[in-house]
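Structure at a glance
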Amino acid sequence: MPYQKNDMFSALLERFEAHYSNRRPFVLYRKPQEKEVNGILQYDSRVHYVKDFSETGFVFAPFDSASRSILTLADERLRANYLDNKSHGKAIGGPPFIDESQKEFHIDLVKRAIAEIKKDDIQKVVISRRVSKNLNDNLFSVFTRLLSRYGNAYCYLWYHPKVGIWMGATPEILLSTENNLLTTMSLAGTQPYVEKLSPIWGKKEINEQKLVTNYILRELEGRVSGLKISSGLESFRAGELWHLRTKLTGRLEGTLGEVIKSLHPTPAVCGLPKRGSKNFILANENYPREYYTGFLGELNFKNVKGRTSNRRNPENAVYRSIKKTTELYVNLRCMQLVDDRAWIYVGGGITRESDPMKEWEETVAKSATMLSVLG
């Protein structure tokens, strides 16, 4: 297979392509701002489900929390550095793909959402759509381009023969834990990246981000102690888009499963209040989201770390600490691969101040992330 000239990484992809040919589950992923690509192979082809989030493996969860989450067993773990030779690094130019039939439906859906919000039944609802494009390339080559272009995102390729193929580059972490220490974030607001220009956020984006932050604080009350919020709003770049971000940290008091259930789906992918916005989505979007706006990542992995890196005290190097870690990301900027088609999922948060045409344009901008890697 003609991958980039990187023997370790090429060998990794070839191993996973053979596993794929044998119809066995796997996942490849790289964390934001890291070079190392991690791989997990499951030897059997069964669908394993999460029961209470005390399990160990790679979790792949749907948007609808009433449906079961899939657990990929880490029967074998592999890794290799991805050394970008920049041959795939520049995004493909040209005008964005626009489906005019979808445009009319989406704008009308945004108007209906705004009307529902003005009744005071809901404060915010996230409306989404999907775009279908031809897939004319090897899925591992597409994944390589994804790695090259989105170093600041969580990039993954997930496969199960009885479920399907998903790929994405998401900027949003649902939560991470190290033993009983928890970190999460609120992420809302979107603007296109313009070189050498910093984003200027309007009332709509700032209010939307505040809604998400307040929701997380309420949901974590009694489940997480010592909650701390990062000072100020942070502009966070993911690929060709800017977002607003606030980090929150604390100590787990309840179980991990309880915290996940309280947070998912977050207002950033569903709305507020959760029940009303979710009911609106299920009743009005004209397609099933499946795993789009679900979450994925490492669940209860054990990592061994040295207690000190001080070279002057080599005797301390024999001491090791074992830490149980979980790192889950919201499944945004993603696509589902079905036969020779790629289904690209995009959406945006609707509030009272939303402009239907601008909301449509935001989904067009977001679709560029996945469209650019399809070739």
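See above for the structure.
Scope of this entry: the structure provided in the associated data block. (Residues numbered from 1 in each chain as written. Predicted model: local features only at pLDDT ≥ 70, side-chain atom pairs only at ≥ 80, totals over all residues. Heavy atoms only, no water.)

**Focus on the overall build of the chain**
- When helices and strands are counted, the chain shows seven helices and 18 strands.
- Residues counted as buried form 53% of the 375 residues belonging to the chain.
- The contacts in the chain between residues at least 6 apart in sequence include a share of 74% that link residues at least 24 apart.
- In the form shown here, the chain has an accessible surface area of approximately 17700 Å², with 48% of it arising from carbon and sulfur atoms. (Helix = DSSP H or I, 4+ residues; strand = E, 2+ residues; numbered from the N terminus. Buried < 20%, exposed > 50% of the residue type's maximum accessible area, 1.4 Å probe, protein only. Contact = heavy atoms within 4.5 Å. Areas by Shrake-Rupley, 256 points an atom, 1.4 Å probe, with all protein chains shown as cover.)

**Topic: the pairing of strand β6 (residues 124–134)**
- Counting buried residues in β6 gives nine out of eleven residues, a clear majority hidden from the surface.
- As defined by bridge partners, β6 adjoins strand β14 (residues 271–272) across two bridges and the pair is classed as antiparallel. Residue V125 lies in a different strand from β14, and its bridge partner there is G271.
- Relative to strand β18 (residues 341–350), β6 is paired through ten bridges, and the arrangement is antiparallel. (Pairing = 2+ DSSP bridges.)

**Section: the nonpolar core**
- Formed by 50 residues in total, the largest nonpolar core has its most connected members in Y156, W166 and L175.
- Ignoring sequence-local partners within four residues, the contact set of L175 consists of L182, T183, T184, L256, V259, I260, L263, T326, E327 and L328.
- Grouped together as the second largest cluster of nonpolar side chains are 35 residues, L13, F26, L139 and L157 included. (Core = buried A, V, L, I, M, F, W, Y, C linked by side-chain atoms within 4.5 Å.)

**A closer look at the environment of S230**
- Mapped onto the secondary structure, S230 falls in the loop between β11 (224–229) and β12 (234–238).
- The class for S230 is partly exposed, based on a relative accessible area of 30%.
- Taking the C-alpha atoms as reference points, S230 and K247, 17 residues apart in sequence, are found 5.3 Å from one another.
- Those residues in contact with S230 that lie beyond four places of it in its chain are T246 and K247.

**Describing helix α4 (residues 203–220)**
- Between its first and last C-alpha atoms α4 spans 26 Å; for 18 residues at 1.5 Å apiece the expected length is 26 Å, and the two agree.
- Looking at α4, one finds that the buried residues are K204, E205, E208, Q209, V212, T213, Y215, I216 and L220. End-on view of α4: buried residues confined to an arc of 165 degrees, all on one side of the axis. Opposite the buried face of α4, at more than 90 degrees from it, the exposed residues are K203 and K210. (Expected span 1.5 Å × (residues − 1). Arc of directions from axis to C-beta.)

**Overview of the packing of helix α2 (residues 100–118) against helix α7 (residues 356–374)**
- Running from N to C, α2 and α7 point in directions that differ by 125 degrees, and their axes come no closer than 9 Å. Here α7 runs oblique to α2, going by the angle between their axes. Considering only the axes of α2 and α7, their crossing is right-handed. Mapping the contact onto sequence places Q102, K103, H106, I107, V110, K111 and I114 in α2 and P356, M357, E359, W360 and T363 in α7.
- Considered class by class, the residues forming the contact of α2 with α7 number six nonpolar, three polar and three charged. (Axes fitted to C-alpha atoms, helices over the stretch in contact; angles between N-to-C directions. Parallel < 35°, antiparallel > 145°, perpendicular 65-115°, else oblique. Left-handed = near helix turned anticlockwise from the far one by under 90°. Nonpolar A, V, L, I, M, F, W, Y, C, P; charged D, E, K, R; others polar.)

**Regarding the side chain of R245**
- Looking at the secondary structure, you find R245 in strand β13 (residues 241–252).
- In this structure R245 comes out as buried when scored by relative accessible area, which is 9%.
- Ignoring sequence-local partners within four residues, the contact set of R245 consists of M185, S186, L187, Q209, L233, E234 and F236.

**Here we look at the sheet that holds β14**
- Strand order in the open sheet made by the nine strands is β5-β2-β1-β7-β8-β17-β18-β6-β14, with antiparallel pairing throughout. Either end of the sheet is taken by a strand with one partner, and the two such strands are β5 (76–81) and β14.
- One ladder, built from four bridges, connects strand β1 (residues 26–30) with strand β2 (residues 36–41); its direction is antiparallel. The partner of F26 across the bridge, within β2, is L41.
- With respect to the sheet, α7 is in contact with β6, β8 (164–170), β17 (334–338) and β18, its orientation differing from that of β18 by roughly 150 degrees.

**Section: α7**
- Here α7 contains 19 residues, and its C-alpha end-to-end distance of 28 Å stays within 8% of the 27 Å for a straight helix at 1.5 Å per residue.
- Approximately 35 degrees is the largest bend angle found in α7, and it occurs at A368.
- With 14 of 19 residues buried, α7 lies mostly within the body of the structure.
- Where α7 begins, the capping side chain belongs to D355, and its oxygen is found 2.9 Å from the backbone nitrogen of M357. (Bend = angle between axes of the 7 residues up to and from the residue. Polar contact = N/O pair within 3.5 Å; in protein donor to acceptor, adjacent residues only side chain to side chain.)

**What to know about the packing of aromatic side chains**
- All chains considered together, the criterion is met by 20 aromatic pairs.
- Seen from their ring centres, F16 and F26 are 5.5 Å apart, and the 80 degrees between their planes marks the pair as edge-to-face. Pair noted here: F16 is in helix α1 (residues 7–21) and F26 is in strand β1, with a separation of ten residues, a long-range link.
- Aromatic side chains Y29 and F58 sit 5.2 Å apart centroid to centroid with 40 degrees between the ring planes, which places their arrangement in the tilted category. Here Y29 is found in strand β1, whereas its partner F58 is found in strand β3 (residues 57–61), with 29 residues between them in sequence.
- Assessed through its relative accessible area of 0%, F58 is described here as buried.
- Taken together through their ring pairs, the aromatic side chains of F60, Y156, W158, W166, Y287, Y291, Y292 and Y345 make up a single cluster.
- Sitting above the plane of the F105 ring, R112 keeps its charged end 5.8 Å from the centroid. (Phe/Tyr/Trp six-rings, centres within 6.5 Å; stacked < 30°, edge-to-face > 60°. Lys NZ or Arg CZ within 6 Å of the ring centre and 35° of its normal.)

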